[in-house]
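Per-entry structural report
Single-letter residue listing:
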Amino acid sequence: MIVVFGLWVINKAGGLVYQRSFTDGLAQLTSNEYLVLAGTLHGIHAITSRLSPSGPSSGAQVIEGESFKLTILLTVTGTKFVLSTPLVETTAESILQRVYEIYSDTVMKNPFHTPEMPIRSDGFDSRIAALLGSGQS
C-alpha cells in the first residue's frame, strides 16, 4: 500500500485549485498558508525551468525534504499536480499520471467546470479517494 501525505493541483497562474491531505498527524496549514505554499512552489518551478545548463527544462520534478518529497507533474496546459509522499515512495510519478487521467476524465470533461478555478467535483473526489484513500479535504 502506498503512503501519500497530500495532493495539490496548482493552475498555470500559480493558484491552488485543489488540496487534500491523506494522513492524520501532519501539521495542519490554514487555507492562506496552502495558497502561499502553492504560489511559492509555482515560483520555484518557474525558476528551476530556466536553470538547466543544457537548455530548456520542464523545471523541478522532485523536491526532497528530510522526511518527505514533493513529486511534480507538469501538464502541457501548465497545470501542476503535486504529490507529497515519504522519501521511500517509488511510485509517485505513476500515481500522478493516474491522478491526471482522473482529472481529465472528471474535471475537464465537465461542462460546468471553469478552467483555472477551484475543483468542485464529487466524481473527482471519489475517484481520488479510491486511488489514494479517503483523506481529509
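Residues numbered from 1 in each chain as written. Predicted model: local features only at pLDDT ≥ 70, side-chain atom pairs only at ≥ 80, totals over all residues. Heavy atoms only, no water.

As for the pattern of salt bridges
Considering all chains together, one arrives at 4 salt bridges under this definition. Across the salt bridge formed by Asp-125 and Arg-20, the nearest N and O atoms sit 3.9 Å from each other. Here Asp-125, found in helix α3 (residues 122-132), pairs with Arg-20, found in strand β2 (residues 16-21); they are 105 residues apart in sequence, far enough to count as distant. Classification of Asp-125 by relative accessible area gives partly exposed; the value is 25%. (Salt bridge = Lys/Arg side-chain N within 4 Å of Asp/Glu carboxyl O. Helix = DSSP H or I, 4+ residues; strand = E, 2+ residues; numbered from the N terminus. Buried < 20%, exposed > 50% of the residue type's maximum accessible area, 1.4 Å probe, protein only.)

Focus on the sheet that holds strand β5 (residues 80-85)
Strands sit in the order β2-β1-β5-β4-β3 across an open sheet of 5 strands; the sheet is antiparallel. Two strands in the sheet have a free side with no partner beyond their single neighbour: β2 and β3 (62-64). When the angles between neighbouring strand axes are averaged without regard to direction, this sheet yields 15°. Sheet analysis places strand β4 (residues 69-74) next to β5, joined by 6 bridges and oriented antiparallel. Paired with Leu-70 across the two strands is Ser-84, which belongs to β5. Against the sheet, helix α1 (residues 31-48) touches β1 (6-10), β2, β3, β4 and β5, its axis set at about 65° to β1. Across the sheet, α3 lies against β1, β2 and β5, angled at about 40° from β2, the strand it touches most. (Pairing = 2+ DSSP bridges. Axes fitted to C-alpha atoms, helices over the stretch in contact; angles between N-to-C directions. Contact = heavy atoms within 4.5 Å.)

Quick look at the nonpolar core
Judged by nonpolar contacts, the single largest core of 20 residues is most densely connected at Leu-7, Leu-83, Ile-119, Phe-124, Ile-128 and Leu-132. Contributions of two or more residues to this core are made by β1, β2, β5, α2 (92-106) and α3. Top contributing element to this core by residue count: α2, with 6 residues. Not counting residues up to four positions away in its chain, the partners in contact with Leu-132 are Ile-2, Val-4, Leu-7, Phe-22, Leu-83, Ile-95 and Val-99. Core analysis: the next-biggest nonpolar cluster, separate from the first, contains 9 residues, Trp-8, Leu-16, Leu-70 and Val-82 among them. (Core = buried A, V, L, I, M, F, W, Y, C linked by side-chain atoms within 4.5 Å.)

So, the pairing of β4
Each regular strand carries side chains that alternate between the two faces of the sheet. Burial within β4 is extensive, with 5 of its 6 residues counted as buried. Of the pairings in the sheet, the one linking β3 to β4 comprises 3 bridges and is antiparallel in character. Across the sheet, Val-62 pairs through a bridge with Thr-71, a residue of β4. Linking β3 to β4, which pair antiparallel, is a turn of 4 residues. The hairpin turn running from β4 into β5, its antiparallel successor, is 5 residues long, and Gly-78 in that turn takes a positive phi close to 95°.

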